[in-house]
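Here is what each chain is made of, one letter per residue.
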Amino acid sequence: MFSFFTTNEANEALPDVIKKFEYALAKKNEVTKLEQQLQMSLSTTNSFEEYVTLKQQLNSAITKFYEAVEILENTGVVVKSIEQGLLDFPSKRFDDEVWLCWKYGETEIKFWHEKDSGFMGRKPIEVNDESLV
């Protein structure tokens, strides 16, 4: 179910979101590792059996990764980049829809940006920013 987050609600949800993000990141890393192993097997072995087994493991890892992303996004956040560790929480500033922005490693939501600007357009949330939902 869709909802807008206040800064406080986003910060309250953050510990759970971080756990789910880290799980999705671990699944992404498994995919990357298996992709590398698959490429190596192409050049170092003539065994179809090894290749097919690795390919099946990769398919399973990709499925688990997308399931992890779905679980993460079911919290209400939007994944902007797993690799860069960027998540956005939908919010409102006055009547405008905006994103509350979080980057992996941050311990709280401190930034927001407009719908059409990304990470580079982040602005600090003022301590008393009553304008955010």
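Labelled according to an unreviewed UniProt entry, the chain appears under the name DUF2203 domain-containing protein, originating from Candidatus Nitrosopumilus koreensis AR1.

Trainee: Is there a simple way to think about helix H2 (residues 48-73) in this case?
Mentor: Along an α-helix, residues three or four apart share an orientation, since each turn contains 3.6 residues. The end-to-end C-alpha separation of H2 is 37 Å, in line with the 38 Å expected for 26 residues at 1.5 Å each. Every buried residue belonging to H2 is among Leu54, Leu58, Ala61, Phe65, Ala68, Val69 and Leu72, and all of these are buried. Summarising the contacts, the buried residues of H2 are in contact with helix H1 (7-44), strand S1 (78-81) and strand S2 (86-93).

Trainee: Is there a simple way to think about the pairing of strand S4 (residues 111-114) in this case?
Mentor: Two faces make up the sheet, and in a regular strand the side chains alternate between them. Across four bridges, strand S3 (residues 96-103) lies against S4 in antiparallel orientation. Residue pairing across strands places Cys101 opposite Phe111, the latter belonging to S4. The sheet contact formed by S4 and strand S5 (residues 123-124) spans two bridges and is antiparallel. Across the sheet, Trp112 pairs through a bridge with Lys123, a residue of S5.

Trainee: I would appreciate a short explanation of the confidence of the model for the chain in the present structure.
Mentor: Here the chain shows a mean pLDDT of 90. Residues at 70 or above account for 94%. Across the chain, S1 holds the top mean pLDDT of 96, while S5 sits lowest at 90.

Trainee: Would you mind going over the pairing of S2 with me for this structure?
Mentor: The buried fraction of S2 amounts to six of the eight residues, a majority that puts the element mostly inside the structure. Of the pairings in the sheet, the one linking S1 to S2 comprises three bridges and is antiparallel in character. Residue pairing across strands places Val78 opposite Asp88, the latter belonging to S2. The hairpin formed by S1 and S2 contains four residues between the paired strands, and Gly85 there has a positive phi angle of roughly 70 degrees. Here eight bridges tie S2 to S3, and the two strands are oriented antiparallel to one another.

Trainee: Would you mind going over the nonpolar core with me for this structure?
Mentor: It is characteristic of soluble globular proteins that their nonpolar side chains tend to be buried jointly. Among the nonpolar cores identified, the biggest contains 29 residues, and Ile82, Leu87, Phe89, Leu100, Trp102 and Ile109 are the most heavily contacted of them. Elements that contribute at least two residues to this core include exactly H1, H2, S2 and S3. In terms of residues, this core owes the most to one element, H1, which gives ten residues. In this view, Phe89 contacts Phe5, Ala10, Leu14, Val17, Val77, Val98, Trp99, Leu100, Trp102 and Ile109; residues no more than four positions away in its chain are not counted.

Trainee: Looking at this structure, how should I read the sheet that holds S4?
Mentor: In sheet architecture, strand pairing relies on hydrogen bonds along the backbone and comes in two forms, parallel and antiparallel. Spatially, five strands are ordered S1-S2-S3-S4-S5 in an open sheet, and the strand pairing comes out antiparallel. Single-partner strands in this sheet number two, and they are S1 and S5.

Trainee: How should I be thinking about the pattern of salt bridges in this particular structure?
Mentor: Side-chain pairs of opposite charge can arise whenever the charged atoms involved come near each other. A full pass over the atoms with the stated rule returns seven salt bridges. Linking Lys27 and Glu30 is a salt bridge whose minimum nitrogen-to-oxygen distance equals 3.3 Å. Here Glu30 and Lys27 lie together in helix H1, a separation of three residues that amounts to about one turn. Judged by relative accessible area, Glu30 falls into the partly exposed class, the value being 36%.

What counts and what doesn't
Residues numbered from 1 in each chain as written. Predicted model: local features only at pLDDT ≥ 70, side-chain atom pairs only at ≥ 80, totals over all residues. Heavy atoms only, no water. Helix = DSSP H or I, 4+ residues; strand = E, 2+ residues; numbered from the N terminus. Expected span 1.5 Å × (residues − 1). Buried < 20%, exposed > 50% of the residue type's maximum accessible area, 1.4 Å probe, protein only. Contact = heavy atoms within 4.5 Å. Pairing = 2+ DSSP bridges. pLDDT = per-residue confidence, 0-100. Core = buried A, V, L, I, M, F, W, Y, C linked by side-chain atoms within 4.5 Å. Salt bridge = Lys/Arg side-chain N within 4 Å of Asp/Glu carboxyl O.

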